[in-house]
Amino acid sequence: MMVSLEIIIIVVVSLITCLSATNYDRNIGSIAAHHAQSTYCSSNTYHSRNRRQKGILSSFVPTYVINNTVLEHNTEGYIGYDMNYKLIIIAYRGIDQIEHWLNSLDYTMISYPNPSCVDCMVNKAFLTAEKLTIDSVVNEVVRLRDKFKDFTILVTGHGFGE
């Protein structure tokens, strides 16, 4: 029996949301799953494509494309906001090519370089991918947070795109 990627994403997002929040919101879970799936479209169309969305993504406004094409850590996604749901959304695309799957098979865990996180470990490839994009992602989220102070930040994606 073949299970679609969308179903897997919905289940994972739903479980994470249930475990991290006291009240699960099915709409937010659905929005997260749709954005995670949407990141697999071409990064060249994120801005124009999302403005033509219908349904649950119709009120999303993309503001920034995450696109670092360093060969072994091809990190892609987008950032934007949703006025209807009062969300700032950061969506990362998962791995899309066999070479990136092979690079991700290295499960080397290293210490997370943050003094406030004692004994925290992180996948080495994940951390490298984060370092390649984190400054621009944080800058855009801070810019949007300054503009929409009462919005919730939602991070979603199937993987980190490493």
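Cut-offs and rules
- Residues numbered from 1 in each chain as written.
- Predicted model: local features only at pLDDT ≥ 70, side-chain atom pairs only at ≥ 80, totals over all residues.
- Heavy atoms only, no water.
- Helix = DSSP H or I, 4+ residues; strand = E, 2+ residues; numbered from the N terminus.
- Expected span 1.5 Å × (residues − 1).
- Bend = angle between axes of the 7 residues up to and from the residue.
- Pairing = 2+ DSSP bridges.
- Axes fitted to C-alpha atoms, helices over the stretch in contact; angles between N-to-C directions.
- Contact = heavy atoms within 4.5 Å.
- Buried < 20%, exposed > 50% of the residue type's maximum accessible area, 1.4 Å probe, protein only.
- Core = buried A, V, L, I, M, F, W, Y, C linked by side-chain atoms within 4.5 Å.
- pLDDT = per-residue confidence, 0-100.
- Disulfide = S-S within 2.5 Å.
- Lys, Arg positive; Asp, Glu negative; His and termini not counted.
- Salt bridge = Lys/Arg side-chain N within 4 Å of Asp/Glu carboxyl O.
- Polar contact = N/O pair within 3.5 Å; in protein donor to acceptor, adjacent residues only side chain to side chain.

(A) Inspection of helix α5 (residues 124–147) at higher detail. Along its 24 residues, α5 runs 34 Å from first to last C-alpha, staying within 8% of the 34 Å computed at 1.5 Å per residue. For α5, the principal kink sits at T133 and spans about 55 degrees.

(B) Focus on the sheet that holds strand β1 (residues 60–68). Strand order in this open sheet of 4 strands is β1-β2-β3-β6, and the pairing throughout is mixed. Each edge of the open sheet carries a strand with a single partner, namely β1 and β6 (152–157). Between one strand axis and the next, the sheet turns by 15 degrees as a mean value, whatever way the strands run. In this structure, strand β3 (residues 87–92) lies alongside β6, joined through 6 bridges in parallel fashion. If you follow I90 over to β6, its bridge partner there is V155. Of the strands in this sheet, β1, β2 (75–82), β3 and β6 are in contact with helix α2 (residues 26–38), which crosses β6 at around 50 degrees. In the packing of α5 onto the sheet, contacts are made with β1, β2, β3 and β6, and the angle to β1 comes to roughly 160 degrees.

(C) A look at the pairing of β2. Counting buried residues in β2 gives 8 out of 8 residues, a clear majority hidden from the surface. The alternating pattern of β2 places T75, G77, I79 and Y81 on one face and E76, Y78, G80 and D82 on the opposite face, and all of these are buried. Relative to β2, β1 runs antiparallel, the two being bridged by 8 bridges. Each residue of the ladder has a partner; that of P62, found in β2, is G80. Where β2 lies against β3, 6 bridges are found, and the strand directions are antiparallel.

(D) The nonpolar core, seen in detail. Grouped together as the largest cluster of nonpolar side chains are 12 residues: I28, I31, A32, Y46, I56, L57, F60, Y78, L87, I89, A91 and L154. At the level of secondary structure, the elements contributing two or more residues to this core comprise α2 and β3. For I31, the residues in contact, after removing those within four places along its chain, are I56, L57, Y85, L87, I89 and L154.

(E) Structural detail: the confidence of the model for the chain. Averaged over all residues, the pLDDT of the chain is 75; the fraction at 70 or higher stands at 67%. By mean pLDDT, helix α1 (residues 5–20) is the weakest element of the chain at 50, and β3 is the strongest at 92. Within the model, the stretch residues 1–8 combines pLDDT values under 50 with 5 contacts to residues more than four positions away or in other chains.

(F) Representation of the state of the cysteines within the structure. Overall, the coordinates contain 1 disulfide when judged by the stated rule. Sulfur-sulfur distance for the disulfide between C117 and C120 comes to 1.7 Å. Handedness here is read from the sign of the S-S torsion; for C117 and C120, about -85 degrees, the answer is left-handed. For C117, a relative accessible area of 24% corresponds to the partly exposed category.

(G) Summary view of α2. With 13 residues, α2 should cover 18 Å at 1.5 Å per step; its first-to-last C-alpha distance of 18 Å lies within 8% of that length. Listing the buried residues of α2 in full gives I28, G29, I31, A32, A33, H35, A36 and S38.

(H) Fine view of the side chain of D82. Within the secondary structure, D82 is located in strand β2. In this structure D82 is buried but unpaired, with K86 as the nearest side chain of opposite charge at 11 Å. Engagement of the side chain of D82 in a polar contact is seen with the backbone nitrogen of N84, the distance being 3.0 Å. Apart from the residues within four sequence positions on either side, D82 is in contact with I56, S59, F60, L87, I89 and F151.

(I) Here's a closer look at the side chain of T39. Following the sequence through the fold, T39 ends up in the loop between α2 and α3 (46–50). Look at T39 and you get buried, because its relative accessible area is 0%. For T39, the side chain forms a polar contact with the main-chain oxygen of Y92, separated by 3.5 Å. Ignoring anything within four residues of it in the chain, the contact list for T39 reads Y46, G77, Y78, A91, Y92 and R93.

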